[in-house]
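Examining the three-dimensional arrangement
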Amino acid sequence: MNNIIFPDIDGVLNVNDHSVPSVSNAILLLKEAEVLNPGAWVKHSENVALAAKLIAEKCGMDSDKAYVLGLLHDVGRRFGVSYLAHVYNGYQYLLDLGYNEAARIALTHSFNLMVLEDYIGKFDISIEKQEELRLLLASTKIDDYDLLIQLCDAMALPDRIADLETRMNDVKSRYGSYPQEKWDRNIELKDYFDKKCGTDIYEILNVSIK
Ligand SMILES: [Fe+2]
């Protein structure tokens, strides 16, 4: 995976963490990905990034890092319309660029229960690659940034940030079902960040419940 249109130019967010690109670099990477595979996923990614930034600001996390991780969580879609493959490809792509932490988020964002079966959609990669993902998930230590992007991914539509139920019902209508355990875990994640922020995150995000 070496067909980079924009060069990796302007460094990283801070000198102690070389695993996340700068905001401007992440924007370029997403723009490049959009050229390769345009779609609603780009606006969705921007909304994940915005939600992550706003929540991070409120709860004392690094908001630029949260923004970057949100922008790039689905960047595996640059290789074409795909399902589970976007997780595998995004992870490998960001790893190849040296952005290990962004790669980890590209892996963990689709698995809020941290098992492969958790994925909603087609398993469009080989059994060998599925096994690779399974092992990676079992050995990956997650932190609040993984949880934040999982949560924001479950709220971001292409045109707005919505409440969890609206977004999960949107997924349900497109894929036919939404596992109850995964649904409940998203509610838990919201509770976690409500407590961490000391307020209802829907207020931070200006989300009205339909
Ligand atoms: Fe996403």
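Refer to the preceding data block for the structure.
Conventions adopted
Residues numbered from 1 in each chain as written. Predicted model: local features only at pLDDT ≥ 70, side-chain atom pairs only at ≥ 80, totals over all residues. Helix = DSSP H or I, 4+ residues; strand = E, 2+ residues; numbered from the N terminus. Rg over C-alpha atoms; globule rule 2.2 N^0.38 Å. Buried ≥ 20, exposed ≤ 12 C-beta atoms within 10 Å, placed from the backbone. Core = buried A, V, L, I, M, F, W, Y, C linked by C-beta atoms within 7 Å. Contact = placed C-beta atoms within 7 Å. Expected span 1.5 Å × (residues − 1). Axes fitted to C-alpha atoms, helices over the stretch in contact; angles between N-to-C directions. Parallel < 35°, antiparallel > 145°, perpendicular 65-115°, else oblique. Left-handed = near helix turned anticlockwise from the far one by under 90°. Nonpolar A, V, L, I, M, F, W, Y, C, P; charged D, E, K, R; others polar.

Some details on the overall build of the protein chain
Along the backbone of the protein chain there are 10 helices and two strands. Order of helices (α) and strands (β) in the protein chain, N terminus to C terminus: β-β-α-α-α-α-α-α-α-α-α-α. Over its C-alpha trace the protein chain gives a radius of gyration of 16 Å, about what one expects of a compact globule, namely 17 Å for 210 residues. In terms of overall dimensions, the protein chain has a C-alpha envelope of 45 × 40 × 35 Å along the principal axes. Put simply, the protein chain has 210 residues, and 38% of those count as buried.

Notes on the environment of Leu-135
Within the secondary structure layout, Leu-135 lies in helix α6 (residues 127–139). A tally of 11 C-beta atoms within 10 Å means that Leu-135 is categorised as exposed. Residues Leu-135 and Leu-116 lie 19 residues apart in sequence; the distance between their C-alpha atoms is 9.3 Å.

Thoughts on helix α3 (residues 63–72)
Counting buried residues in α3 gives eight out of 10 residues, a clear majority hidden from the surface. Residues of α3 that are buried: Lys-65, Ala-66, Tyr-67, Val-68, Leu-69, Gly-70, Leu-71 and Leu-72.

A few points about the nonpolar core
Of all hydrophobic cores here, the largest spans 50 residues; its most connected members are Ala-51, Ala-52, Leu-69, Leu-72, Ala-102, Ala-106 and Leu-148. For this core, the leading source of residues is helix α2 (residues 40–58), giving nine residues. Beyond its immediate chain neighbours, meaning those up to four positions away, Ala-102 contacts Ser-19, Val-20, Pro-21, Val-68, Leu-69, Leu-72 and Leu-94.

Brief notes about unusual backbone geometry
Only a minority of non-glycine residues have a phi that is not negative, and only a minority of peptide bonds are not trans. The backbone phi angle of Met-114 is positive, close to 65°, even though this residue is not glycine. Among the secondary structure elements, Met-114 is positioned in the loop between α5 (100–108) and α6. Judged by the 15 C-beta atoms lying within 10 Å of it, Met-114 falls in the partly exposed class. The backbone phi angle of Asn-206 is positive, close to 60°, even though this residue is not glycine.

A short note on α2
For α2, which comprises 19 residues, the first-to-last C-alpha distance of 28 Å matches the rise-based estimate of 27 Å (1.5 Å per residue) to within 8%. Of the residues trailing α2, Gly-60 is marked for its positive phi of about 75°.

Quick look at the packing of α3 against α5
Remark: α3 packs on α5, axes separated minimally by 9 Å, with the N-to-C direction vectors making an angle of 55°. What the angle tells us is that α3 and α5 run oblique. Read as a crossing pair, α3 and α5 show a hand that is right-handed. Along the contact surface, α3 presents Val-68, Leu-69 and Leu-72, while α5 presents Ala-102, Ile-105 and Ala-106. Its residues assigned to classes, the contact of α3 with α5 comprises six nonpolar, no polar and no charged.

Comments concerning the environment of Cys-152
Along the chain, Cys-152 falls in helix α7 (residues 144–153). Residues Cys-152 and Ile-55, 97 residues apart in the sequence, show an inter-C-alpha distance of 9.2 Å. Sequence-distant contacts of Cys-152, defined by excluding residues within four places in its chain, comprise Val-48, Ala-51, Ala-52 and Gly-70.

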